[in-house]
Structure formats: C-alpha cells, structure tokens
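Letter by letter, the chains look like this.
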Amino acid sequence: MEARGARSLEDRLLGTGGAASGARSVPPGAGGRRMPLPAPRPSPGVLVLSTLADYIPELITVFAVFFVADMVYVLDHYFVHYDRDRYRKTHARHHRRYNGPKSGPQLDAFELSTYNSAAFGLLVAMSVLTLFTGNVGFVAGAALKWVHSLVFHCYQHGWWTGVSIRNVRPDRPPASWGLATASYHAWHHSNPNDTRFTFAESWAGFDRILEKLHPWLIRFTVDARAGRLYHLPARGERPSA
Amino acid sequence: MNWLAWDTRSYLGAALGGVVGFFLFRAGLGADWFAPWLIGVGIGLGCALITRERSGLRGVVLACIAAWAAALAQVVLVSGGGLWEGIVGFHATLDLPTFLAHLGGIVGAFVFGRTSFRGDAQDRVAGSGSREFGV
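Residues numbered from 1 in each chain as written. Chains lettered and ligands numbered in written order. Predicted model: local features only at pLDDT ≥ 70, side-chain atom pairs only at ≥ 80, totals over all residues.

Novice: Mind laying out the overall build of chain B, listing which residues take part and the relevant values?
Specialist: Counting secondary structure elements, chain B contains five helices and two strands. What you see in chain B, going N to C, is helices and strands ordered as α-α-β-α-α-α-β. Within chain B, the proportion of its 135 residues that are buried is 44%. Considering only contacts within chain B whose residues lie at least 6 apart along the sequence, 82% involve residues at least 24 apart. (Helix = DSSP H or I, 4+ residues; strand = E, 2+ residues; numbered from the N terminus. Buried ≥ 20, exposed ≤ 12 C-beta atoms within 10 Å, placed from the backbone. Contact = placed C-beta atoms within 7 Å.)

Structure (structure tokens):
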C-alpha cells in the first residue's frame with residue numbers, strides 16, 4: 001500500500017518537483033523531446049520521515065489522548081484520596097500492600113482489574129471518537145496508555161521485594177516539571193499522604209499544577225462536601241481526611 | 001470489573017432495550033424514517049426501567065455502546081457491503097443530519113442509562129464491584 005502524501009513530502013525534501021514520485025519532467029532546451037530523467041532513489045530515512053509525515057494528525061491524536069488520559073488518571077487518583085468510603089473500599093488496599101514486605105504477585109487481581117477496567121473504559125470511549133472521525137489515533141492513544149499503565153507499574157513494582165517500597169526508595173523526589181518516572185511515582189505508593197504530589201505517571205507537571213489548584217479543588221471532593229475535612233487547606237497544606 | 005459500574009441486571013435491561021430499538025429503527029427505515037437514535041434511547045430506557053441503582057459511569061458506558069450499536073445497525077441495514085468496510089467508512093457517511101440522529105441516541109443512552117425509574121433506587125457506591133476482591 002502506498003503511503004499517503006509520500007510524493008509531496010518526498011518531492012519537497014528532494015526538491016524534484018514531482019520527479020521523485022515517478023512523474024517525468026522535460027528539461028529546458030530539450031526541443032520538446034521527452035527525456036526521461038532518472039528518478040532519484042530516496043534514502044530510507046526520507047521514506048520513514050515521509051511516512052511519518054503522512055500520519056501527523058494521527059500521531060498528534062495519539063499523543064493528545066495519552067496526555068489527557070494521564071491527566072484524568074491523576075485527577076481521579078486525587079479525588080479517591082479525598083473520598084473516605086471509596087478509599088477504604090478500594091484504594092487503601094493498594095497502599096497497604098506496598099508499605100509492607102512483598103506478599104503477593106507484582107499486580108494482584110484488584111490492581112489488575114483497576115488498571116484494566118480504567119484502560120478498557122478509555123479504549124471504548126476513544127473507539128467511538130475513531131468511529132465518528134476515522135482517526136485511528138484515538139484508539140491507538142488509548143491502547144498505548146493501557147500498555148504504558150501495565151508496563152509502568154510492573155516495572156515499578158519490580159523494586160518491591162522482601163522490604164517495603166518505603167525502604168527501597170526512601171528519597172523524596174524533587175518537585176519537577178519533567179517526566180514522571182517510575183521512581184517518582186513510587187513515592188506516592190509509599191507516602192500516599194505527602195504534601196508533594198506524585199500522582200502522575202507520565203508528566204510530573206500535572207502534580208505541580210494540582211498542588212497549586214489543591215486549595216480550591218479540594219472543595220469539590222466527596223470528603224469536603226460531606227464536611228469530613230476539619231478545615232480547608234492553605235496552599236501546600238494537605239490535611240488528612 | 002470494579003470501575004465500569006458493572007451490574008448484570010442493568011446491562012441485561014440495556015441489551016433488551018437495544019434490541020427493541022433496533023427493530024423500531026428497522027421498521028422506521030421501511031417508512032423512510034431514518035432514526036438510529038431509537039437504538040440508543042432503547043438502550044437507556046431498557047436499563048432505567050430495570051436497574052436498582054443510579055450511576056453516571058454506567059451512563060457513559062451505555063452511551064459508548066449505543067454509539068457502536070447504532071453505527072453497526074446503519075451499516076447492516078442501510079449502507080450494505082462488508083461489515084469491516086462499513087465500519088471503517090462510517091465516518092464518511094456522516095453529514096450533519098445523520099450525525100445529529102446518531103448523537104441523539106448517544107445522549108439518550110447517557111441520560112436514561114445513568115438513572116433509574118424505580119422510586120427506591122440508590123446512587124451506586126463507587127468501588128462496590130470490588131466486593132469480589134475481599135476488601
């Protein structure tokens with residue numbers, strides 16, 4: 001299958017005005033005789049670039065879906081920490097497990113179900129956008145987030161051995177705006193109530209923004225609405241519910 | 001599944017409503033009435049009639065299911081040709097009226113799918129599906 005738009009970019013990159021993509025030009029002064037010019041063979045690098053360029057909208061969509069999905073994950077993670085009943089019923093188990101010696105599989109059934117159902121939900125929602133737009137980037141971005149979520153946590157949980165993660169990774173990560181590495185996110189597992197937010201799994205900037213929004217955003221949490229917070233916090237303060 | 005608001009009873013009601021909606025859509029086509037939204041509304045109403053819980057997340061899931069169900073119904077009953085080609089080319093069939101007809105079904109599935117017509121219905125407690133994990 002020929003790549004879409006390969007001609008245009010190839011010709012643009014090679015400056016052949018169509019010759020590279022198979023069109024034959026007649027050089028000036030050729031007296032009207034058709035003098036076929038040898039079509040230059042594009043290098044593999046040019047071909048790769050041209051193929052990628054054909055899928056720029058899809059690639060941008062993949063990135064956007066991945067990015068926005070992580071933001072949604074961060075927000076939901078934040079909200080579950082301020083929903084006492086939901087936290088106790090679901091998420092607390094996750095933190096309890098990693099603050100002790102390893103006593104089960106890398107990802108247990110509950111964690112697998114959580115990651116898989118969140119990712120499956122995202123995939124289903126994005127599949128509708130792909131259906132209505134024809135842009136496969138929506139589904140590809142959701143699939144990428146699914147793979148990332150599992151690989152990221154499996155890699156991170158690989159550090160967890162006979163001692164708890166708190167002892168394996170004792171250093172508090174800096175309040176960075178860069179990539180949220182597995183080491184960075186592991187801090188949240190072992191220190192779930194720290195004022196340094198490390199909810200993010202891809203871009204640490206989400207946490208920095210969340211820290212700034214926290215005094216306002218906490219008003220919308222279940223605990224705040226139920227009056228279970230003693231006081232609403234000042235900036236940088238993170239009360240326990 | 002502990003996040004998708006799974007409840008067999010609710011989704012069974014949605015499935016039955018979707019089947020009714022499909023046959024109404026087909027009957028409408030015979031009278032030159034293109035109403036794919038009937039499927040989504042059927043899915044939402046079927047769920048709302050039978051479920052004992054209200055759940056916003058379930059409304060979102062049913063809206064997605066309704067979008068796919070109506071698209072598949074259009075491909076099978078209207079577009080003809082292969083199923084795969086029909087789905088891949090579905091977006092190209094969407095002019096504004098067609099899009100709005102489908103959107104109506106999606107909105108209907110969400111609006112009805114998130115609620116319950118039972119007077120004693122409760123809001124679904126997030127994480128209630130996690131009982132199976134013993135937490």
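Novice: How would you summarise the overall build of chain A if you had to cite specific residues and measurements?
Specialist: Check the secondary structure of chain A and you find ten helices and zero strands. When its helices and strands are written in sequence order, chain A yields α-α-α-α-α-α-α-α-α-α. Sequence-distant contacts, at least 24 apart, represent 57% of the contacts inside chain A between residues at least 6 apart.

Novice: Can you break down the environment of A:Gly134 residue by residue, with the values?
Specialist: Among the structural elements, A:Gly134 can be located in the loop between helix H5 (109–133) and helix H6 (137–157). Here the alpha-carbon distance between A:Gly134 and A:Glu58, two residues 76 residues apart in the chain, equals 9.8 Å. Sequence-distant contacts of A:Gly134, defined by excluding residues within four places in its chain, comprise B:His91 and B:Ala92.

Novice: Tell me about unusual backbone geometry, and please be specific about residues and values.
Specialist: The phi torsion at B:Asp32 lies on the positive side, around 60°, for a residue other than glycine. Relative to the elements of secondary structure, B:Asp32 occurs in the loop between helix H1 (8–30) and helix H2 (37–50).

Novice: With reference to specific residues and values, describe H6(A).
Specialist: A rise of 1.5 Å per residue sets the reference length of H6(A), with its 21 residues, at 30 Å; its end C-alpha atoms lie 29 Å apart and thus fit the reference within 8%. Within H6(A) the residues assigned to the buried category are A:Gly137, A:Phe138, A:Val139, A:Gly141, A:Ala142, A:Lys145, A:Ser149, A:His153, A:Gln156 and A:His157. (Expected span 1.5 Å × (residues − 1).)

Novice: So what's going on with the nonpolar core? Which residues, and what values?
Specialist: In this structure, B:Ile39, B:Ile43, B:Leu62, B:Ala66 and B:Ala67 are the most contacted members of the largest nonpolar core, which totals 58 residues. Sorting the residues of this core by element identifies helix H3 (56–81), H5, H6 and helix H8 (182–190) of chain A together with H1, H2, helix H3 (56–79) and helix H5 (96–113) of chain B as the ones contributing at least two each. The greatest single-element share of this core, amounting to twelve residues, is contributed by H3(B). (Core = buried A, V, L, I, M, F, W, Y, C linked by C-beta atoms within 7 Å.)

Novice: So what's going on with the packing of H1(B) against H3(B)? Residues and values would help.
Specialist: All names here are of chain B. For the pair H1 and H3, interaxial distance at closest approach is 11 Å and the crossing angle is 30°. Classified by the interaxial angle, the pair formed by H1 and H3 is roughly parallel. Between H1 and H3 lies a crossing of right-handed hand. Facing H1, whose interface residues are Ser10, Ala14, Gly18, Phe22, Phe25, Arg26 and Leu29, H3 presents Arg58, Leu62, Ala69, Ala73, Leu77 and Val78. (Axes fitted to C-alpha atoms, helices over the stretch in contact; angles between N-to-C directions. Parallel < 35°, antiparallel > 145°, perpendicular 65-115°, else oblique. Left-handed = near helix turned anticlockwise from the far one by under 90°.)

Novice: Now, about the confidence of the model for chain A: what can you tell me, with residues and values included?
Specialist: Model confidence for chain A is summarised by a mean pLDDT of 79, while 81% of its residues fall at 70 or above. Below pLDDT 50 for its whole length, residues 1–26 of chain A participates in 43 contacts with residues either more than four positions away or in separate chains. (pLDDT = per-residue confidence, 0-100.)

Novice: How would you explain the confidence of the model for chain B if you had to name every residue and give the values?
Specialist: All names here are of chain B. Put simply, chain B has an average pLDDT of 87, and 88% of its residues get 70 or more. In the predicted structure, residues 130–135 sits below a pLDDT of 50 and forms eleven contacts with residues beyond four places in sequence or in another chain. We note a pTM of 0.75 for the whole complex and an ipTM of 0.87 for its interfaces.

Novice: Hey, could you go over the environment of A:Trp187 for me, with residue numbers and the actual values?
Specialist: Residue and element names in this part refer to chain A. With respect to the helices, strands and loops of the structure, Trp187 is situated in helix H8. Accessibility expressed as a C-beta count within 10 Å gives 20 for Trp187, which makes it buried. The spatial distance from the C-alpha of Trp187 to the C-alpha of Phe63 is 26 Å, given a sequence separation of 124 residues. For Trp187, the residues in contact, after removing those within four places along its chain, are Arg169, Arg172, Pro173 and Thr198.

Novice: Let's hear about helix H4 (residues 84–98) of chain A: which residues, and what values?
Specialist: All names here are of chain A. Between its terminal C-alpha atoms H4 stretches 19 Å, which fits the 21 Å expected from 15 residues at 1.5 Å a residue. The principal kink in H4, of about 55°, is found at His91. All buried positions along H4 are accounted for by Arg86, Tyr87, Lys89, Thr90, His91, Arg97 and Tyr98. Contacts from the buried residues of H4 go to H3, helix H7 (165–168) and H8. (Bend = angle between axes of the 7 residues up to and from the residue.)

Novice: I'd like to hear about the packing of H5(A) against H3(B), residue by residue, with values.
Specialist: H3(B) packs onto H5(A) with a crossing angle of 40° between their chain directions and a minimal axis gap of 10 Å. Along this stretch, H5(A) crosses H3(B), giving a crossing that reads as left-handed. Mapping the contact onto sequence places A:Gly121, A:Val124, A:Ala125, A:Val128 and A:Leu131 in H5(A) and B:Val61, B:Cys64, B:Ala67, B:Trp68 and B:Ala71 in H3(B). Considering only residue class, the contact of H5(A) with H3(B) consists of nine nonpolar, one polar and no charged. (Nonpolar A, V, L, I, M, F, W, Y, C, P; charged D, E, K, R; others polar.)

Novice: Go over the environment of B:Phe112, please, and point to the residues and values.
Specialist: Residue and element names in this part refer to chain B. Along the chain, Phe112 turns up in helix H5. Among the residues examined, Phe112 registers 25 C-beta atoms within 10 Å and is labelled buried. Note: C-alpha distance between Phe112 and Val41 (71 residues apart in sequence) is 7.4 Å. With residues near it in sequence (within four places) discarded, Phe112 still touches Val41, Gly44, Leu45, Cys47 and Ala48.

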